[in-house]
Amino acid sequence: MNELLDMGGYAIFVWSSYGIFFFSLVIFFLINILNLRKYEKMYNNTIKKID
Amino acid sequence: MYIKINNNHIELIKSANPYLIFATIFVFIIGLYYSLFQSPPDYIQGDSMRIMYIHVPSAWFALMTYSILAGSCVLWFITRNPLFNVVARSIAQVGMVFTLMSLITGSIWGKPTWGVWWVWDARLTSMLILFFLYIAYIFLWQAISNKELASKISAALAIIGFINIPIIKFSVDWWNTLHQPASISKLSAPSIDISMLIPLFIMTIACFLFLVTVSLIRFRLVLIENKMLRTSN
Amino acid sequence: MLNLIKRDLLLSFYSSANFFFTVSFFVLILILIPFAFGTQSDQLKLLFKGVVWIALALSIIITVDRIYNADYEDGNLDIIMQKNKTIEYLVISKYITHWFIYCLPLLVILPILSFLFYLDYLETIQIFINLFIGSFGMVFIANFVSALTLGAKRTIFLKTIIMIPLFVPFIIFGSDAGSWPILLGLSMLSFVISIYVTAYGLRLYGE
C-alpha cells in the first residue's frame, strides 16, 4: 500500500494534481446546483405572488 | 431548424439529471481505479505519467468547449434562434474550469518531467490565451447591464477569439524558432500502449459526462435567469 | 468624413492634455528600463527593442476609454449615426483621428528615445517602420474593443483582458526587425475584421 501511495517518488505531484482536479470539479458542480436551487425557489415565489 | 424549448424538454432534462450525476461519479471512480492502480508506470516518465490521464481529457474538452461555444455563437447570428445563445452561455463556464485544470495539472506534470513549472511553448501559451478568452466572454456578459445587448456583444467577442487562437499558435511557433531553440523535447507519443489507452479513454468519457451534466444544470439555470430578466435570449 | 476628422482633431487640440498623456506614459515606461536593468549598452539595446512594444501596447490600452465613450455619453454618436446611413465612414475617421492623436506623437518621439538607448540609424529606422505598421493594427483592435464595451462602465481590467490576447501577435512579430510583411498582413486582417465589428457594435448601441 505504501508503494502505491509513494507513486515511484512522484507522490506529491500525482496526488496534488488529482486532488486539485477533483476538488475544483466538485466545487464547481456544487456552486451550479446550489445556484439552480436558489433561482428555482426565487422564480417559484415570484410566480406564486403574481397568481 | 427552429427548435423551441418547451416545458416538456425541461422536464426531460430535469428527470435525466440524477442518472447523469450517478453515471459521472460511477465512471470517474472506474477511471480513477484504472488510472491510479491498474495501469503500469511509463518507462521514461515513471508514475508522473498518471497526471496525463486527467490533463489530456481536460485539455481536449477545453478546446472542444470553445469550438462549441464559437460555433453556437455563429449559428445564433445566422439563425437568430435564442437556443444557441443559451447553449453558449451554459457551456462557457465549464470550459473555463477545464482550461484552468489543464493548465494547473500540466504545470504540475511539467515540474518533475521538464524540471520547470512552465514552458513558453505554443501549446501552453495558446491554452493561457484561451483561458483569457473564456474570462473575457463570461465577464463581459456580466459587465453590460442590458442583457440582450450583452449576449450579442459577447458572442461577437467569442467569434473573434476563435479567429485569434490559430494566429496565436502560429505566431508563438514562429517566436520560439526565432528567440530560442527548442531545448525541451516535446511529448511525442508515436505508440501508446493499450494499457495506457484504457484509463485515458475511461477518463475522457468521465470528463465528457461531467461536461454534459454541468452544462445541462447550467442550461436550466440560464433559462430561469432569462425568465427572471424577461429577455428571450 | 472629413468633417468628422476635423471635429475630433479640434476637440483634442482644445484639450492638449491628450497629447501629453500618452506620450509621457510611453516615455516614462521606456525611461524606467535603465533603472531596472542597469546601463550596459548591449543590454539596453536589446531591451529597448522589446519594451518599446510593451510601452506602445500599454499606451494604446489606456486610451481605449477615450475613443467612442465621450460621443456615446453626450449623444453625439446617435446624431452622427442618424445623419449618415453608412456608419463605416465614422469608423474610418475614428481610426485616422485616434492614430493621429495617440500614435503619431509616439512615433515622433521615438528617434530621440532610440538615441538615448544607443541604437544606430539603421536599427532606429527598422523599429520605426515596424512601429508604424503595428500601431495601425493596434489602433484597429482598440477601436473595436472600445465599440464593443461601450455599455460596460469602468471596466478597464476587462478591456485589458480582451485586448492583450489580440496584441500578442503584433508584439511577437513587431519585436523582430525582419518580419514587417507579416506585421502588415496582420494589420490588414485586423482592419477587415475591425471595421465590420466596430460598425456592428456601434449599431447595437445606437439603436
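Right, let's walk through the structure included here.

The rules behind each value
- Residues numbered from 1 in each chain as written.
- Chains lettered and ligands numbered in written order.
- Predicted model: local features only at pLDDT ≥ 70, side-chain atom pairs only at ≥ 80, totals over all residues.
- Heavy atoms only, no water.
- Axes fitted to C-alpha atoms, helices over the stretch in contact; angles between N-to-C directions.
- Helix = DSSP H or I, 4+ residues; strand = E, 2+ residues; numbered from the N terminus.
- Parallel < 35°, antiparallel > 145°, perpendicular 65-115°, else oblique.
- Contact = heavy atoms within 4.5 Å.
- Expected span 1.5 Å × (residues − 1).
- Bend = angle between axes of the 7 residues up to and from the residue.
- Buried < 20%, exposed > 50% of the residue type's maximum accessible area, 1.4 Å probe, protein only.
- 1 Å grid on protein atoms, 1.4 Å probe; cavity = no way out; pocket = protein on both sides within 12 Å on 5 of 7 lines; lining within 4 Å.
- Points joined across faces, edges and corners; volume = space filled by probe spheres on them.
- Nonpolar A, V, L, I, M, F, W, Y, C, P; charged D, E, K, R; others polar.
- Left-handed = near helix turned anticlockwise from the far one by under 90°.

What to know about the packing of helix α2 (residues 11-50) of chain A against helix α2 (residues 52-79) of chain B
- Relative orientation of the contacting elements α2(A) and α2(B) amounts to 40°, with a least axis distance of 10 Å. In terms of their interaxial angle, α2(A) and α2(B) are classed as oblique. Here α2(A) contributes Ser17(A), Tyr18(A) and Phe21(A) to the contact with α2(B), which in turn contributes Tyr53(B), Ile54(B) and Ser58(B).

Structural notes on the arrangement of the chains
- Contacts are most numerous between chains A and B, taken over all 2 pairs of chains that touch.
- There is a clear gap between chain A and chain C: no contact, and 23 Å between their nearest C-alpha atoms.

With respect to helix α3 (residues 41-61) of chain C
All names here are of chain C.
- The first and last C-alpha atoms of α3 sit 29 Å apart over 21 residues, in line with the 30 Å expected at 1.5 Å per residue.
- In α3, a bend of some 35° at phenylalanine 48 exceeds every other bend along the element.
- Every buried residue belonging to α3 is among Leu44, Phe48, Val51, Val52, Trp53, Ala55, Leu56, Ala57, Ser59, Ile60 and Ile61, and all of these are buried.
- Where α3 is buried, its residues touch α2 (17-37), α6 (88-116), α7 (121-148), α8 (156-174) and α9 (180-206).

Overview of unusual backbone geometry
- The phi angle at Arg80(B) is positive, at roughly 60°, despite the residue not being glycine.
- Looking at the element boundaries, Arg80(B) is found in the loop between α2 and α3 (82-114).
- Its relative accessible area of 45% is what places Arg80(B) among the partly exposed residues.
- One non-glycine residue, Tyr118(C), lies in the positive phi region at around 65°.
- Among the structural elements, Tyr118(C) can be located in the loop between α6 and α7.
- Owing to a relative accessible area of 45%, Tyr118(C) belongs among the partly exposed residues under this scheme.

Quick notes on empty space enclosed by the protein
- All told, the structure shown has 2 cavities of 30 Å³ or more when counted by the stated rule.
- In this structure, the largest cavity spans a volume of roughly 170 Å³.
- Every residue lining the largest cavity is counted, 13 residues in all, and those nearest its centre are Asn164(B), Ile167(B), Leu166(C), Ser190(C) and Ile193(C).
- Elements represented by at least two residues in the lining of the largest cavity include exactly α5 (147-179) of chain B together with α7, α8 and α9 of chain C.
- Class assignment for the residues of the lining of the largest cavity results in 11 nonpolar, 2 polar and no charged.
- Lining the second largest cavity, in full, are Leu133(B), Ala136(B), Leu157(B), Ile160(B), Gly161(B), Ile162(C) and Leu166(C).
- For the lining of the second largest cavity, the secondary structure elements donating two or more residues are α4 (122-143) and α5 of chain B together with α8 of chain C.
- For the lining of the second largest cavity, the element with the most residues is α5(B), which contributes 3 residues.
- For the lining of the second largest cavity, the per-class residue count stands at 6 nonpolar, 1 polar and no charged.

Remarks on the packing of α8(C) against α9(C)
Residues and elements named next belong to chain C.
- Viewed as axis vectors pointing N to C, α8 and α9 meet at an angle of 160°, and their least axial separation amounts to 9 Å. With respect to α9, the element α8 is oriented roughly antiparallel. Here α8 runs over α9; the crossing is left-handed. Here Pro169, Phe170, Phe173 and Gly174 of α8 lie close against α9, whose contacting residues are Ile182, Leu183, Leu186, Ser187 and Ser190.
- The residue inventory of the contact of α8 with α9, partitioned by class, reads 6 nonpolar, 3 polar and no charged.

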